[in-house]
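# Chain and residue survey
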Amino acid sequence: MQNAKTSAKKILSFFAAILLITFTVSACRTEPVNTSSAGQGAQISITDSGLYYSYLSYDNNIPSYYESIYEYSEQTSSMTPFVPPEIAPSVVTETNGEAPEGYKSVRITFMDENPIHVDMVVPESLTIEANNDEVVNFGIGFCKPIGIYFDGEIIGGGYDAVFSIPNADDYLGIYHYIRGIHVNWIEDYSEVRKDDKSAAALSTIYSWWPPSMSDFLSGVSPSENGYYETRTDVVLSYNKDVQKFVGFTFGTDLIPDEQLETIAKSIVLSAAE
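Throughout what follows, the structure given in this document is the object of discussion. (Residues numbered from 1 in each chain as written. Predicted model: local features only at pLDDT ≥ 70, side-chain atom pairs only at ≥ 80, totals over all residues. Heavy atoms only, no water.)

This part takes up the sheet that holds strand E9 (residues 190–194). The sheet built from seven strands is open, its strands ordered E4-E7-E8-E12-E11-E10-E9 with antiparallel pairing. The open sheet has two edge strands with one neighbour each: strand E4 (126–130) and E9. Strand after strand, the sheet turns through a mean of 25° between neighbouring axes, direction not considered. Relative to strand E10 (residues 198–209), E9 runs antiparallel, the two being bridged by four bridges. Bridge assignment links Ser190 to a residue of E10, and that residue is Leu202. Contacts between helix H7 (residues 257–266) and the sheet are confined to E9, E10, strand E11 (228–239) and strand E12 (244–251), with E10 contributing the most and set at about 130° to the helix. (Pairing = 2+ DSSP bridges. Helix = DSSP H or I, 4+ residues; strand = E, 2+ residues; numbered from the N terminus. Axes fitted to C-alpha atoms, helices over the stretch in contact; angles between N-to-C directions. Contact = heavy atoms within 4.5 Å.)

See below:
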């Protein structure tokens, strides 16, 4: 019973955290950028879905496994007003750094606890903008996020956080908070770069909500079992020198795997003054 209560508390905090990785997108159909051998830039695929994520398609009936936890949390939960902390604005600038063909270099500066620069490359077809009208909870702290856009439509976001376990030796400790509230991302965690101080990886986060959460899920339709289920592609990176990690989320299958890998490998975190 104690384990059930602990799990329920994690579920109750799930809504606040998942706002970090769920951007609703108006329905659209956009032709992808040509990436043939002629070389006209990096490709991004836009599906007919009205969301930047798609529904789960795997066989496991996860909601039924957690049904008793949902029932417990629904009977005991209460919502309290969120008062965001004062955080200096995030800044996004395009730089003249080296970038592969079809990509551009950008710098994101997160000015929350332990201000950091995030230098990376992204496909030329993407636009990154600071969303300083919001303060979101990511990891165990708060930050002002960035939005990732294609052809004027938001397809993802970016966030930073301090280590929840400062002396952790691997990603299980560094991403401890995320590990506690999301499903299957450990199994899908795939490192694409690692040294003694930093690492970058690709992952997939599976999420679901009970029917009672429908009022908070604009644009999401329930599955056949009544639960709301989503999947999100994620790029994660950490640096032990600055004690921070970053997460960039994208709508499922909107960015090809090879481009996600290029983005992940390029990420460099450094202290900002």
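Here the narrative resumes.
Examined against the element boundaries, Asn239 turns out to sit in strand E11. Sequence separation between Asn239 and Val268 is 29 residues, and the spatial gap between their C-alpha atoms is 8.2 Å. Among all residues touching Asn239, those that are not within four sequence positions of it are Phe163, Lys197, Ser198, Lys244 and Leu269. A distance of 2.8 Å separates a polar side-chain atom of Asn239 from the backbone nitrogen of Asp241. (Polar contact = N/O pair within 3.5 Å; in protein donor to acceptor, adjacent residues only side chain to side chain.)

A few words on the pairing of strand E7 (residues 146–150). Among the five residues in E7, four count as buried, and that is most of the element. The pairing of E7 with strand E8 (residues 153–162) spans five bridges and is antiparallel. Counterpart to Ile148 in the pairing with E8 is Gly156. Between the antiparallel neighbours E7 and E8 lie two residues, among them Asp151 with a positive phi of about 55°. (Buried < 20%, exposed > 50% of the residue type's maximum accessible area, 1.4 Å probe, protein only.)

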